[in-house]
Amino acid sequence: MDTLDCRGQQCPQPVIQTRRRILAQPDVPCRVLVDDSASRDNISRLATGMGYAIKTSDFDGGFAIDLTPGAIAAPKTVGSVATGPTILFIASDRMGSGDQKLGQILLKNFIFTLTESDTTPDAIYFVNNGVKLTVGGSDLIEPLTALADSGVDIASCGLCLEFFGVKEALSVGRVSNMLELTNALQGAGRIIRL
């Protein structure tokens, strides 16, 4: 059985690494090593949702999760089907309204994790402080560029870029305007606001 050692990795890395491993070798059993119960539980949910049987045990101060493919049928998900594009609307340089530093870490992890997702939004619109994520010096240029390269439309509000004096520093995506944003939101099948 192959072993994937995710000890010492911060969320969401253990889940992302496990998902990559499952997708790369779907028919091969695997043992995943983690050092906290949250990672153990997150990986267990991921693997179960992908049709794997799981067995967890204590291991060297952490946990071992043995994944066996095809042992159970993956649950079928039923949801409402939205018509129209999915728009991700980002109006801040952080996620949530609590601690600023934690909010920035959460948003960075969200965007990074989005690059690993099976589905991505059709477009990401950045307004207000959110436009700062698309300019030089942002920690998110690389994952946003990866999303753009995969076909996601990355658009930043021109007025917002001008207001913050960073229009010339735009490093990923394109400049948008309020009319376009209004039309995009009105025509969206799903709007995800961060």
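Residues numbered from 1 in each chain as written. Predicted model: local features only at pLDDT ≥ 70, side-chain atom pairs only at ≥ 80, totals over all residues. Heavy atoms only, no water.

(A) View of unusual backbone geometry. For the peptide bond that leads from cysteine 11 to proline 12, omega is 10°, which places it in the cis range. Mapped onto the elements, proline 12 comes out in the loop between strand 1 (2–5) and helix 1 (13–24). Positive phi, close to 50°, is recorded for aspartate 60, a residue that is not glycine. In this structure, aspartate 60 sits in the loop between strand 3 (53–59) and strand 4 (62–68). Positive phi, normally seen in glycine, also occurs at asparagine 128, with a value near 50°. Positionally, asparagine 128 belongs in the loop between strand 6 (123–126) and helix 4 (141–149). (Helix = DSSP H or I, 4+ residues; strand = E, 2+ residues; numbered from the N terminus.)

(B) Examining the side chain of serine 39 more closely. Take serine 39: it is sitting in helix 2 (residues 37–49). With relative accessibility at 7%, the residue serine 39 sits in the buried group. Contact partners of serine 39, with chain neighbours within four places excluded, come to Pro14 and Val34. (Buried < 20%, exposed > 50% of the residue type's maximum accessible area, 1.4 Å probe, protein only. Contact = heavy atoms within 4.5 Å.)

(C) Seen up close, the packing of helix 3 (residues 100–114) against helix 4. Two elements in contact, helix 3 and helix 4, have axes whose closest approach is 9 Å; the angle formed by their N-to-C orientations is 30°. In terms of orientation, helix 3 lies roughly parallel with respect to helix 4. Handedness of the helix 3/helix 4 crossing: left-handed. For the pair helix 3 and helix 4, the contacting residues are Ile111, Phe112 and Leu114 in the first and Pro143, Leu144 and Leu147 in the second. Here the residues of the contact of helix 3 with helix 4 sort into six nonpolar, no polar and no charged. (Axes fitted to C-alpha atoms, helices over the stretch in contact; angles between N-to-C directions. Parallel < 35°, antiparallel > 145°, perpendicular 65-115°, else oblique. Left-handed = near helix turned anticlockwise from the far one by under 90°. Nonpolar A, V, L, I, M, F, W, Y, C, P; charged D, E, K, R; others polar.)

(D) Inspection of the pattern of salt bridges at higher detail. Evaluation of the coordinates by the stated rule reveals 12 salt bridges. Each of Asp5, Arg7 and Asp60 takes part in a single network of salt bridges with overlapping partners. (Salt bridge = Lys/Arg side-chain N within 4 Å of Asp/Glu carboxyl O.)

(E) Fine view of the state of the cysteines. This model, assessed by the stated rule, comprises zero disulfides. As a non-bridged cysteine, cysteine 11 has cysteine 6 as the owner of its nearest cysteine sulfur, 12 Å distant. For cysteine 11, a relative accessible area of 54% puts it in the exposed group. No disulfide involves cysteine 30; its nearest neighbouring cysteine sulfur is the one of cysteine 6, lying 8.4 Å away. (Disulfide = S-S within 2.5 Å.)

(F) Broad picture of the sheet that holds strand 4. With mixed pairing, four strands are arranged side by side in an open sheet as 1-2-4-3. Of all the strands in the sheet, just strand 1 and strand 3 have a single pairing partner and so form its edges. The mean angle between the axes of side-by-side strands here comes to 20°, regardless of whether they run parallel or antiparallel. Of the pairings in the sheet, the one linking strand 2 (residues 30–34) to strand 4 comprises five bridges and is antiparallel in character. The residue of strand 4 that forms the bridge with arginine 31 is aspartate 66. Of the strands in this sheet, strand 1, strand 2 and strand 4 are in contact with helix 1, which crosses strand 1 at around 155°. Docked against the sheet, helix 2 engages strand 2, strand 3 and strand 4, running at close to 5° with respect to strand 4. (Pairing = 2+ DSSP bridges.)

(G) A nonpolar patch on the surface, seen in detail. A surface patch of nonpolar side chains, amounting to about 240 Å² of accessible area, comprises Leu102, Ile105 and Leu106. Of note, isoleucine 105 is situated in helix 3. (Patch = residues over 30% accessible without salt bridge, like charges linked within 9 Å, V, L, I, M, F, W, Y side chains within 5 Å. Areas by Shrake-Rupley, 256 points an atom, 1.4 Å probe, with all protein chains shown as cover.)

(H) Region of the structure containing the nonpolar core. Counting 31 residues, the largest nonpolar core has Ile90, Ile124, Tyr125, Phe126 and Leu144 as the members making the most contacts within it. Only strand 5 (86–90), helix 3, strand 6, helix 4, strand 7 (153–157), helix 5 (158–163) and helix 6 (178–187) provide two or more residues apiece to this core. Dropping the residues within four chain positions of it, leucine 144 is found in contact with Ile111, Ile124, Phe126, Leu133, Thr134, Ile154 and Val172. Grouped together as the second largest cluster of nonpolar side chains are 13 residues, Cys6, Val34, Leu46 and Leu67 included. (Core = buried A, V, L, I, M, F, W, Y, C linked by side-chain atoms within 4.5 Å.)

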